[in-house]
Amino acid sequence: MKDETNTPYHFFPSNRDAVIEELGKEKLLKLLEQMLLIRNFEIRGEAAYQQGKVGGFYHSYMGQEAIQVGCVAAAGSDNWFTTTYRCHALALLLHATPNEMMAELYGKATGNAGGKGGSMHIYADHLLGGLAIVGGHVPIATGAAFSIKYLKKKGWASFCFLGDGAVVQGAVHESLNMAALWNLPCLYVIENNQWGMGTSVQRAVAVQPIAKHYASSYGIKSYTLNGMDFFNCYAGFKEAYHEVLSTSRPVLIEAITQRFRGHSISDPALYRSKEELHKTMENDPILLMKEALTQHGMLNESTFKELDTQQKEIVIAAMKFAEESPWPNPMTLEEGVFAPEEGNGNANR
Ligand SMILES: Cc1ncc(C[n+]2csc(CCOP(=O)(O)OP(=O)(O)O)c2C)c(N)n1
């Protein structure tokens, strides 16, 4: 099946009307709300960064919202999740509050990691990170899948989000091989946003679609999803999750997407023309969802604006919370960090 968006990809066949009927108005509006929260969080987080209130790096998830919203909607949060430095959205979806998230970006004591992790290292209840070594988190996700199997945790799987730039790392292949050999319940999700920093995926990865080719090398199933389309993501994740739970075999998913910003806030993305970016933004996953829900009589312009305003207000309140929060006490510098204890081997000096 060739997708109507006229891409070279053969997306997972899904039926938008069936997803709409299955989820219903209330749930769909909640999911749209989640996408709007992520979008507003990123817009204002970036603004705070520009004002010098946020240190370190900032990697926006803008443009990719449909993927992780679709995933968590389909699988629920009772699983292990691991992702890259582009981690704000997943943490919000796994119940990190906007207040603690924003405070973490500001480096405040009330932050999600006491102000010591920052933008790239957000953790939440079922989120093992927020990890910044490209491909380095994939063995961690594989280990989480092993623990699920070892502890016989029924109904759980390990979700590992990685970028297209990570797929050529050795650790990714070692993980896929081991997960396939040991039948580990792991869903490896490549968020193919076409770029690894300023290098296009065509110049970096020898075979495409990536998931289809890589999966066949390891004898596992693959799924290619339209990462701009919530409905396709939801349906694809649901099926893939079911497949993993019922077979305890890993799967490889590739969600084709686009980021709306540069690699990070310090990247002006000059490798992409304005026209290209405009065209990309016509496929805004939020607008696509808005359009679909409007067509089904579940949404109108004023309700959409209201939902958007509510999320904006939540994020602005989070900024105020972060602004007014105290800085971490320097006396707590060594607390909550992973290091051997003093006098017990190599102390962290
Ligand atoms: C092992 C390693 N090599 C290089 C880097 C520098 N680096 C940070 S992000 C990045 C690009 C990754 O792109 P991709 O995996 O496609 O993820 P995206 O940023 O597009 O979400 C690189 C090379 C790193 N963090 N870790």
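Residues numbered from 1 in each chain as written. Predicted model: local features only at pLDDT ≥ 70, side-chain atom pairs only at ≥ 80, totals over all residues.

**Description of the overall build of the protein**
To be explicit about the condition: Only DSSP runs of H or I reaching four residues or more are called helices, and only runs of E reaching two or more are called strands; each is numbered from the N terminus. In this description the radius of gyration comes from C-alpha coordinates, and the expected globular size is given by 2.2 Å times residues to the power 0.38. Counting other C-beta atoms within 10 Å of each residue's C-beta, where C-beta atoms are placed from the backbone, gives the exposure class: buried for 20 or more, exposed for 12 or fewer, partly exposed between. Note on contacts: residues are paired as contacts if their backbone-placed C-beta atoms lie within 7 Å.
When its secondary structure is counted, the protein shows 12 helices and 8 strands. The C-alpha radius of gyration computed for the protein amounts to 20 Å, which stays within 12% of the reference 20 Å derived for 349 residues, consistent with globular compactness. Referenced to the eigenvectors of the C-alpha coordinate spread, the extents of the protein come out at roughly 60 × 50 × 40 Å. In the protein, which comprises 349 residues, the proportion classed as buried is 46%. For the protein, contacts bridging at least 24 residues in sequence account for 75% of all contacts bridging at least 6.

**What to know about the pairing of strand β3 (residues 158–163)**
A regular strand places its side chains on the two faces of the sheet in alternate fashion. Basically, it comes down to this: Only when DSSP finds a minimum of two bridges between them are two strands counted as paired. Look down the strands so they point away from you; if going from the first strand over the helix to the second traces a clockwise path, that crossover is right-handed.
Taken across its 6 residues, β3 has 6 buried, putting it largely inside the fold. Where burial is concerned, the two faces of β3 agree: the one with Ser158, Cys160 and Leu162 and the one with Phe159, Phe161 and Gly163 are both buried. Alignment of strand β1 (residues 80–83) against β3, held across 3 bridges, turns out to be parallel. Looking at the pairing, Thr82 lines up with Cys160 of β3. For β3 and strand β4 (residues 186–192), the ladder comprises 6 bridges, and the chain directions are parallel. Across the sheet, the residue bridging to Phe159 is Leu187, located in β4. Handedness of the crossover joining β3 and β4 through helix α6 (residues 170–181): right-handed.

**Some thoughts on the nonpolar core**
Just so we agree on the cut-off: We define the nonpolar core as any set of buried residues of the types Ala, Val, Leu, Ile, Met, Phe, Trp, Tyr and Cys, connected via C-beta atoms lying within 7 Å of each other.
Cys160, Leu187, Tyr188, Val189 and Ile253 are the most contacted members of the largest nonpolar core, which totals 96 residues. Per-element tally for this core: the top contributor is helix α1 (residues 16–50), with 10 residues. When sequence neighbours within four positions are dropped, the list of residues in contact with Ile253 reads Leu187, Tyr188, Val189, Ile190, Ala211, Tyr223, Leu225, Gly236 and Ala240.

**What to know about the environment of Asn329**
With respect to the helices and strands, Asn329 occurs in the segment after α12 (301–324). The sequence separation of Asn329 and Lys108 amounts to 221 residues, and the corresponding C-alpha distance is 9.6 Å.

**Structural notes on the confidence of the model for the protein**
To be explicit about the condition: pLDDT is a residue-level measure of predictor confidence that goes from 0 to 100.
In the predicted model, the protein carries a mean pLDDT of 94, and 95% of its residues have values of at least 70. Within the model, pLDDT remains below 50 along residues 1–5, and this stretch shows 7 contacts once partners closer than five positions in the same chain are excluded. Below pLDDT 50 for its whole length, residues 345–349 participates in 6 contacts with residues either more than four positions away or in separate chains.

**Some words on the packing of helix α2 (residues 65–75) against helix α9 (residues 230–247)**
Geometrically, a packed helix pair is captured by the angle between its two axes and the distance between the axes. Keep this limit in mind: For helices, the fitted axis covers only the stretch in contact; all axes are lines through C-alpha atoms, and the angles between them, taken along N-to-C directions, range from 0 to 180 degrees. Roughly parallel refers to an angle under 35 degrees, roughly antiparallel to one over 145, roughly perpendicular to one between 65 and 115, and oblique to any angle outside these ranges. In a left-handed crossing the near helix is turned counterclockwise from the far helix by less than a right angle, and in a right-handed crossing that turn is clockwise. When residue character is reported, Ala, Val, Leu, Ile, Met, Phe, Trp, Tyr, Cys and Pro are called nonpolar, Asp, Glu, Lys and Arg charged, and the others, Gly included, polar.
The interhelical angle for the contact between α2 and α9, taken along N-to-C directions, is 45°, at an axis separation of 8 Å. Comparing their axes, α9 and α2 come out oblique. The two elements α2 and α9 meet at a crossing, and its hand is right-handed. Here α2 contributes Ala66, Ile67, Val69, Gly70, Cys71, Ala73, Ala74 and Ala75 to the contact with α9, which in turn contributes Phe230, Cys233, Tyr234, Phe237, Lys238 and Tyr241. Of the residues contributing to the contact of α2 with α9, the split by class is 12 nonpolar, 1 polar and 1 charged.

**Some details on the sheet that holds β3**
Pairing is parallel in the open sheet, where 6 strands are placed in the order β2-β1-β3-β4-β8-β7. Two strands lie at the open edges of the sheet, namely β2 (127–130) and β7 (221–226), each paired on one side alone. Neighbouring strand axes in the sheet, compared pairwise and without regard to direction, differ in orientation by 15° on average. Where helix α5 (residues 138–150) meets the sheet, it contacts β1, β2, β3 and β4, and its direction lies at approximately 170° from that of β3.

**Observations concerning the site of the ligand**
Let me state the cut-off plainly: In this text, near has one meaning. A residue is near a molecule or strand if its C-beta atom, placed using the backbone, is within 6 Å of it.
The immediate surroundings of the ligand are formed by 14 residues, with Val134, Gly163, Gly165, Ala166 and Gly196 found nearest. Looking at the shell around the ligand, its residues break down into 6 nonpolar, 6 polar and 2 charged.

**Some points on helix α8 (residues 210–218)**
Stated precisely, the cut-off is as follows: What the arc describes is the spread of directions from the helix axis to the C-beta atoms.
Among all positions of α8, only Ile210, Ala211, Tyr214 and Ala215 are buried. For α8, the buried positions fall inside an angular range of 105° around the axis, keeping them on one side. Where α8 is buried, its residues meet α6, β4, β7 and β8 (251–256).

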